[in-house]
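Descriptive analysis of the structure
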Amino acid sequence: MNNFSRIKEPLTLLGNYMSTKYGRSWGSRRELLLWQEWQVRRHLRYVLARSPYYREAAGGLPLEQWREFPVIDKREMMAHFDRLNTEGIGLEEALEAAWEAEKCRDFSPTVRGITVGLSSGTSGHRGVFLVSRQEQMAWAGTIMAKVLPGGLLQKHRVAFFLRANSNLYASVRKGRIEFQYFDLLEPIEKHVSQLNTYRPTLLVAPASVLRLLAEAVKTGALHIRPDKIVSVAEVLDPLDERYIGECFGRQVHQIYQCTEGFLGFTCSHGTLHLNEDLLVVEKEYLEGAERKFVPILTDFRRRTQPIIRYRLNDILTERKEPCPCGSKLLALEQIEGRSDDLFYLHSVANGRRKPVFPDFIRRAVLSASPEIEEYLIIQHSERLVECSLKVRPELEAVCREQVTRALTELCSRLHCHAPNIRYSEYVQGPRERKLRRVERRFAL
Ligand SMILES: [Zn+2]
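Presented here is a report on the structure given in the accompanying data block. These numbers come from a predicted model, not from an experiment.

This next bit is on the coordination of the zinc ion. Protein-derived coordination of the zinc ion comes from Cys267 (SG), His273 (NE2), Cys323 (SG) and Cys325 (SG), at a distance range of 2.1 to 2.3 Å. One can describe the site at the zinc ion as tetrahedral: its four donor atoms subtend angles covering 103 to 116° at the metal. If you list the donors of the zinc ion from N- to C-terminus, the spacing comes out as C-x5-H-x49-C-x1-C. According to the relative accessible area criterion, cysteine 323 is buried, its value standing at 8%.

Listed below in structure tokens is the structure:
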């Protein structure tokens, strides 16, 4: 590392921290959108000069017409990886570095100084992502500003649970911030005793892990009082949110983040706001539901692997009312889940497939009985749904009946043929797998 970057890196982190926390505010939503527009155009000037893929995709359109550039997705991004990134890094060499690092659990795969990240592609094909040192510092500064309670002078002990580490995250080990990484694959008992010693002020983990830790709080095995609890990486089911919140006596915050970027964080009111100070979110509204959309992202800060009009595989629901916190950033009611987890049923009217939102399924199950502690619901085909409920044994038969009734009612409300519902015993899934309470397991 030369002297210049030694000074430049902390400055990038601090600069991003300060501008995120104190610097940017917009008098109105309109002002925010105008500011974004300028950010995107400036960013595109950089990208189009260096990315042959995007230059061709732009097809000579003027920058102000960037909303007419083609929409891409992960498949497209991977197919054109070599010509899309601005550093001329080939997919082969990036994958090789990532696999090598994973094999020896050396969490720092880099190619020519650029960090390589793999996304855990549950949908089959994994994504490969490139981030420069500069971008990591900017990310760390931004996330600290949004997530850490209080100012920079306050001391923090952060406990961070991760499925697989990469040096994307290591940059948070700075100054007054102590940072401990917990490997998800270790047994939960070990985590409990380590957490009791470490006493984190900030606890960040996937919802399924927070749930296990909450159970340990309830039994008295775990006795920590973090100032802030943050759920990451998995859809936070309202059922888990309530349980975790009650056990810890704290509101559960959420970081909405994936390899594609840092997308959102909850405000003091617990509302999830999209990070429109980092990216433009275009909304592809879904038929048959109000306020539900698939986001198309344009990140105006990621330069190494630009994300321009990139369709995410997620379904989000906008909030109806503005958030009382006054933020101009788009407020969400919830992250519904992945588009791949939409259920499909046959319409009574014409026999055609009809999508059913995960949220509808979730609500039907939860409204069936307050006795349901946990659940999993998996669609295996248009005709078969498998459901498992965690309830007290003596209530199991009744609860199953109530869930069947609730799901049948939902189907008739949606004018769909009800599938067969098969019940199985509730079993905790392996921890290396992301928890999805509502899941579709067949391809369309
Ligand atoms: Zn808010």
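What follows is about the side chain of glutamate 234. Tracing the backbone through its elements, the reader meets glutamate 234 in the loop between strand 7 (228-232) and helix 11 (238-248). From its side chain, glutamate 234 meets the backbone nitrogen of serine 208 in a polar contact 2.9 Å long.

With that settled, consider the layout of surface pockets. Of the volumes computed, that of the second largest pocket is approximately 540 Å³. Along the wall of the second largest pocket there are 22 residues; nearest its centre are Thr20, Lys146, Asp277, Ser327 and Leu329. Sorting the residues of the lining of the second largest pocket by element identifies helix 1 (3-23), helix 7 (133-147) and strand 9 (261-266) as the ones contributing at least two each. A total of four residues in the lining of the second largest pocket trace back to one element, the largest contributor, which is helix 1. Residues belonging to the lining of the second largest pocket are distributed by class as follows: seven nonpolar, nine polar and six charged.

Take helix 7 next. In a regular helix each residue adds 1.5 Å, so 15 residues correspond to 21 Å; helix 7 covers 21 Å between its end C-alpha atoms and thus fits that length. In terms of residue burial, helix 7 counts as a mostly covered element, since 13 of its 15 residues are buried.

Our focus in this paragraph is the pattern of salt bridges. Summed over the entire model, instances satisfying the criterion amount to 33 salt bridges. In this structure, lysine 390 engages glutamate 215 in a salt bridge whose closest nitrogen and oxygen atoms are separated by 3.7 Å. Of the two residues, lysine 390 sits in strand 19 (residues 384-390) while glutamate 215 sits in helix 10 (residues 207-219), which places them 175 residues apart along the sequence. Lysine 390 gets classed as partly exposed once you look at its relative accessible area, which sits at 25%. In this structure, the salt-bridge partner of glutamate 439 is arginine 433, at a minimum N-O distance of 2.9 Å. Residue classification places arginine 433 among the partly exposed positions, given a relative accessible area of 37%. Here the salt bridges do not stand alone but share partners, grouping Arg338, Asp340, Asp341, Arg433, Arg436, Glu439 and Arg441 into one network.

Rules behind the numbers
Residues numbered from 1 in each chain as written. Predicted model: local features only at pLDDT ≥ 70, side-chain atom pairs only at ≥ 80, totals over all residues. Heavy atoms only, no water. Donors = N, O, S within 2.8 Å, 3.2 Å for Na, K, Ca; no water. Tetrahedral: all angles 85-135°; square planar, octahedral: opposite > 155°, others 65-115°. Buried < 20%, exposed > 50% of the residue type's maximum accessible area, 1.4 Å probe, protein only. Helix = DSSP H or I, 4+ residues; strand = E, 2+ residues; numbered from the N terminus. Polar contact = N/O pair within 3.5 Å; in protein donor to acceptor, adjacent residues only side chain to side chain. 1 Å grid on protein atoms, 1.4 Å probe; cavity = no way out; pocket = protein on both sides within 12 Å on 5 of 7 lines; lining within 4 Å. Points joined across faces, edges and corners; volume = space filled by probe spheres on them. Nonpolar A, V, L, I, M, F, W, Y, C, P; charged D, E, K, R; others polar. Expected span 1.5 Å × (residues − 1). Salt bridge = Lys/Arg side-chain N within 4 Å of Asp/Glu carboxyl O.

Functional significance is not addressed by these values, which are geometric in nature.
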